[in-house]
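Listed below, chain by chain, are the residues.
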Amino acid sequence: EPLTLTTIKLYSDIQENFLPTPAKCHYLFNLRDVSKVFQGVYLAQPKLYEEREQMLRLWLHECCRVFMDRLINHEDRDKLRTTIDNCMDNGLQVRWKEVAGDDS
């Protein structure tokens, strides 16, 4: 449940902070993106993700795959990284660096 609520909060924050512009007209996010995050998590082999840290790393990877891969510059990617980090801290009580092991 915390993973679901955190994903919904992340989606909401992305909707507010990454609006389409003429130069970034493809910054259109919808609920299908949320389903893609969970689809990636559900398609993983369960035996490989039995511990909480492994599951959080998979979830973070899927969020980056779905949302960050669409962004076109480092400024927006850093902004999204901060948004994800804040959502993780508030909803999952863990930080990006603890899960990913670095700042990438």
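Residues take numbers from 1 onward in each chain, read along the sequence in its written order. At least 70 in pLDDT is required for a residue's local features to be given in this predicted model, at least 80 for side-chain atom pairs to be given and counted, and no such filter applies to totals for whole chains, interfaces and linings, which use all residues. Calculated side-chain values reflect all of the structure's heavy atoms, with hydrogen atoms and water omitted.

Caption draft 1: Molecular detail of the state of the cysteines. The rule for a disulfide is simple: a pair of cysteine sulfur atoms within 2.5 Å. Tallied over the entire structure, the rule returns zero disulfides. The cysteine Cys63 is free of any disulfide, with Cys64 supplying the nearest cysteine sulfur at 6.9 Å. Type-normalised accessible area, obtained with a 1.4 Å probe on protein chains alone, sets the label of each residue: buried when under 20%, exposed when over 50%, and partly exposed for intermediate values. With relative accessibility at 0%, the residue Cys63 sits in the buried group. We classify Cys64 as buried; its relative accessible area is 15%.

Caption draft 2: Spatial organisation of helix α4 (residues 74-92). The helix count covers DSSP runs of H or I at least four residues long, the strand count covers runs of E at least two residues long, and both are numbered beginning at the N terminus. In a helix, the anticipated span is given by 1.5 Å times the number of residues less one. The first and last C-alpha atoms of α4 sit 25 Å apart over 19 residues, in line with the 27 Å expected at 1.5 Å per residue. Buried within α4 we find Asp76, Leu80, Thr83, Ile84, Asp85, Cys87, Met88 and Leu92. Residue contacts are defined here by distance: any two heavy atoms, one from each residue, within 4.5 Å place the two residues in contact. Looking at the buried positions of α4, the neighbouring elements they touch are α1 (2-17), α3 (52-66) and α5 (96-100). Directly after α4, the chain includes Gln93, whose backbone phi takes a positive value near 55°.

Caption draft 3: Quick peek at α1. In this model, α1 (16 residues) spans 22 Å end to end at C-alpha, consistent with the 22 Å of a helix rising 1.5 Å per residue. Along α1, the residues classified as buried are Leu3, Thr6, Thr7, Leu10, Tyr11, Asp13 and Ile14. The buried residues of α1 occupy an angular sector of 165° when projected down its axis, which confines them to one face. In this structure, α1 carries Leu5 and Glu16 as exposed residues pointing more than 90 degrees from its buried face. Contacts from the buried residues of α1 go to α2 (31-42), α3 and α4. This arc is built from the directions going out from the helix axis to the C-beta atoms.

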